[in-house]
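# Working through the structure, step by step
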Amino acid sequence: MSVTGDGLSIGDDTFINIDCLIEAEGAVEIGSGVSIAMGVKLLTVTHEIGTPTKRAGAMRVEAIRIAEGAWLGAGVVILPGVSVGSGAVVGAGAVVTGDVEANCLVAGVPARVIRRLN
């Protein structure tokens, strides 16, 4: 696991597999009982769209929250400002651009709800 920044908090009984990148320039809160598969990226930094001479404009930092019991599959990318609800499952390779409700399975690029979980 590679971590940049100092805004990371991790709850008890959380598992983070190999080759993960957590960009904690903004706050990254990972709850208890979370499972994070290999190659997951949690990205808190983005840029505004700039001028034609430099499209990567002003930097913006937004927090990420992964609630208790969530499971992020291999290769998932969580973009700045996203919250993943408790008990949610994010399918392998998904790119999560918006909040994920609790107890939902999401997958795809961009991630969308596949079904609700019990």
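As the structure is a computational prediction, the values presented were derived from the model and not from experiment.

Reading the values: rules and limits
- Residues numbered from 1 in each chain as written.
- Predicted model: local features only at pLDDT ≥ 70, side-chain atom pairs only at ≥ 80, totals over all residues.
- Heavy atoms only, no water.
- Helix = DSSP H or I, 4+ residues; strand = E, 2+ residues; numbered from the N terminus.
- Rg over C-alpha atoms; globule rule 2.2 N^0.38 Å.
- Buried < 20%, exposed > 50% of the residue type's maximum accessible area, 1.4 Å probe, protein only.
- Contact = heavy atoms within 4.5 Å.
- Areas by Shrake-Rupley, 256 points an atom, 1.4 Å probe, with all protein chains shown as cover.
- Lys, Arg positive; Asp, Glu negative; His and termini not counted.
- Charge placed at Lys NZ, Arg CZ, Asp CG, Glu CD.
- Salt bridge = Lys/Arg side-chain N within 4 Å of Asp/Glu carboxyl O.
- Core = buried A, V, L, I, M, F, W, Y, C linked by side-chain atoms within 4.5 Å.
- Polar contact = N/O pair within 3.5 Å; in protein donor to acceptor, adjacent residues only side chain to side chain.
- Patch = residues over 30% accessible without salt bridge, like charges linked within 9 Å, V, L, I, M, F, W, Y side chains within 5 Å.

## Topic: the overall build of the protein chain
For the protein chain, the helix and strand inventory stands at zero helices and 17 strands. At 14 Å, the protein chain has a C-alpha radius of gyration in line with the 13 Å of a compact globule built from 118 residues. Overall, the protein chain is about 50 × 30 × 20 Å in size when its C-alpha atoms are taken along their principal axes. When burial is assessed residue by residue, the protein chain has 33% of its 118 residues classed as buried. Within the protein chain, contacts between residues at least 6 apart in sequence are counted, and of these 19% link residues at least 24 apart. When the accessible surface of the protein chain is totalled, it reaches about 6300 Å², and 54% of it is carbon and sulfur. For the protein chain, the distance from the average position of its 8 positive side-chain charges to the average position of its 12 negative side-chain charges is 12 Å.

## A few points about unusual backbone geometry
The omega torsion of the bond from V109 to P110 falls at -5°, within 30 degrees of zero and hence cis. When you line up the elements, P110 lands in the loop between β16 (104-107) and β17 (112-116). The backbone of N103 sits at a positive phi, close to 55°, despite the residue not being glycine. Within the secondary structure layout, N103 lies in the loop between β15 (95-96) and β16. Residue classification places N103 among the partly exposed residues on the basis of a relative accessible area of 33%.

## Observations regarding the pattern of salt bridges
On inspection of all chains with the given rule, the structure shows four salt bridges. Among the salt bridges present, the one from E29 reaches R65, with a minimum N-O distance of 3.6 Å. Of this pair, E29 sits in strand β5 (residues 28-30) while R65 sits in strand β10 (residues 64-66), and the two are 36 residues apart along the sequence. Within this structure, E48, R60 and E62 form a network of salt bridges that share partners.

## Digging into the nonpolar core
When a protein is soluble and globular, its nonpolar side chains tend to lie buried together. If you look at the biggest cluster of nonpolar residues, it comprises 23 residues, and the most contacted ones within it are I30, L42, I66, L72, I78, V84 and V90. Of all elements in the fold, only β5 and β10 reach the threshold of two or more residues within this core. Residues in contact with I66, not counting those within four places in the same chain, are E29, I30, G31, V34, L72 and V84.

## Concerning the side chain of T44
With respect to the helices and strands, T44 occurs in the loop between β7 (41-43) and β8 (45-51). Overall, T44 belongs to the buried group, its relative accessible area being 0%. Among the polar contacts made by the side chain of T44, one reaches the main-chain carbonyl oxygen of E23 at a distance of 2.6 Å. In terms of polar contacts, T44 uses its side chain to reach the backbone amide nitrogen of G26, at 3.2 Å. In contact with T44, not counting residues within four places along its chain, are E23, A24, E25, G26, A27, V28, R60, V61, E62, I64 and P80.

## Brief notes about a nonpolar patch on the surface
Together, M1, V3 and I10 make up a nonpolar patch on the protein surface, roughly 260 Å² of accessible area in all. On the secondary structure map, V3 appears in strand β1 (residues 2-4).

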